[in-house]
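# Tertiary structure, described
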Amino acid sequence: MVSDPAQLIEKIRATLAPCRLGDWPTPLDRAAALGGAVGIAELTVKREDRSSARYGGNKVRALEFLLAGARPGTVFVTLGGTGSTHCLATAVHAAAAGGRAVLAQFPQPETPASRAVASACRARAALVVHARARASLPLAVLDAWHRAGALGPRRWIAGGGAHPRAVVGHLLAGLELAGQLASPPDAIVLPLGTGGTAAGLALAVTVLGWPTRVVGVRVAPRIVANRWRTTWLAYAARRLLAHRAVPLPAPRSLDIVDGLGEGYGHPTPEGEAAERLASEHGLTLDPTYGAKAFAFLLQRGTRNVQRVVFWHTFAVPVPQLECAP
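Bear in mind that the values here come from a model prediction, so they are computed numbers and not experimental data.

### Overview of the packing of helix 4 (residues 85–96) against helix 5 (residues 112–124)
Two numbers describe how helix 4 lies on helix 5: the axes approach to 9 Å, and their chain directions differ by 30 degrees. Considering the angle they form, helix 4 stands roughly parallel to helix 5. Note on packing geometry: the crossing formed by helix 4 with helix 5 is left-handed. Counting all contacts with helix 4, which are made through Thr85, Cys87, Leu88, Ala91 and Val92, the residues of helix 5 involved are Val117, Ala120, Cys121 and Arg124. Across the contact of helix 4 with helix 5, the residue classes break down as 7 nonpolar, 1 polar and 1 charged.

Structure, rendered in structure tokens:
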């Protein structure tokens, strides 16, 4: 167990030198009424949606480490669905880091949330290359990478920001909880997509010496969202830090439950019910990630726990994001 989490956060930042994109720590809000509605004695919400005034969400954590050290004018190339908040966050924060973004995107089901994100992506990215279907995404990625070369020096950003350096950003998010909670929660519940956030939180609870369960609700296909990939990311981040004289204990395994439904981006009845309930208590969930994760709480997946932290990852695009910078 680390004796001073705040000191460890500063040591990691000094060692890896991320750029500064977010406002840390993000708030941890008590959600007593919402917790009562789902039968949880103490529900708190980690507001990763408030991570940046430019555009928030959990991806800002990753981008601080992934965009760091790039020379001005760098073109960051990444991929995701048409409603990908990772793509939007990359486009917005690439500009803040003195660069631009080129996106390769595959189609996903349209919802009000995904349409708003897609519109903002088109407005903020230097170029968006659309695949006609998910199967043709590799060709769109190659096209995007080639066309980005005409705009400036390129840097590849993994889909979803799933990279060991990015996991370190999410580790720091988990360490923030030590200064925000009087005692460890029974569980942290979050959506599981490409796995970077879950990997960082698995590392964090181990470093803190907490018995907390990290529950990842699968919202992407198993080939992407799985235990092996998430565990690999956690161990790779641990090795990265060990090589820089920041040793950490081996991360514990996380719990994975399925919430995908018909497919990525497809709303589920359980998610829609969760979205409505959360909205009644002032919390906006997206149907692709947050609603499916919160549905786990409605399905009594935490019936044996009393204290839960819900990891709120989705930031609603504000209207000005749909205007050219």
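There's more to say after this.
### Observations concerning the nonpolar core
Membership of the largest hydrophobic core comes to 55 residues, with the highest contact counts inside it found for Ile12, Val168, Leu171, Leu175, Leu241 and Trp311. If one sorts the elements of this core by residue count, helix 8 (residues 196–208) sits on top with 8 residues. Beyond its immediate chain neighbours, meaning those up to four positions away, valine 168 contacts Ile12, Leu16, Phe65, Ala237, Leu240 and Leu241. The next biggest cluster of nonpolar side chains, apart from the first, holds 28 residues, and it includes Trp24, Val60, Leu63 and Ala91.

### Notes on helix 7 (residues 164–176)
Helix length check: helix 7, at 13 residues, gives a terminal C-alpha distance of 19 Å against a target of 18 Å (1.5 Å per residue), a fit within 8%. Counting buried residues in helix 7 gives 13 out of 13 residues, a clear majority hidden from the surface.

Conventions and cut-offs
Residues numbered from 1 in each chain as written. Predicted model: local features only at pLDDT ≥ 70, side-chain atom pairs only at ≥ 80, totals over all residues. Heavy atoms only, no water. Axes fitted to C-alpha atoms, helices over the stretch in contact; angles between N-to-C directions. Helix = DSSP H or I, 4+ residues; strand = E, 2+ residues; numbered from the N terminus. Parallel < 35°, antiparallel > 145°, perpendicular 65-115°, else oblique. Left-handed = near helix turned anticlockwise from the far one by under 90°. Contact = heavy atoms within 4.5 Å. Nonpolar A, V, L, I, M, F, W, Y, C, P; charged D, E, K, R; others polar. Core = buried A, V, L, I, M, F, W, Y, C linked by side-chain atoms within 4.5 Å. Buried < 20%, exposed > 50% of the residue type's maximum accessible area, 1.4 Å probe, protein only. Expected span 1.5 Å × (residues − 1).

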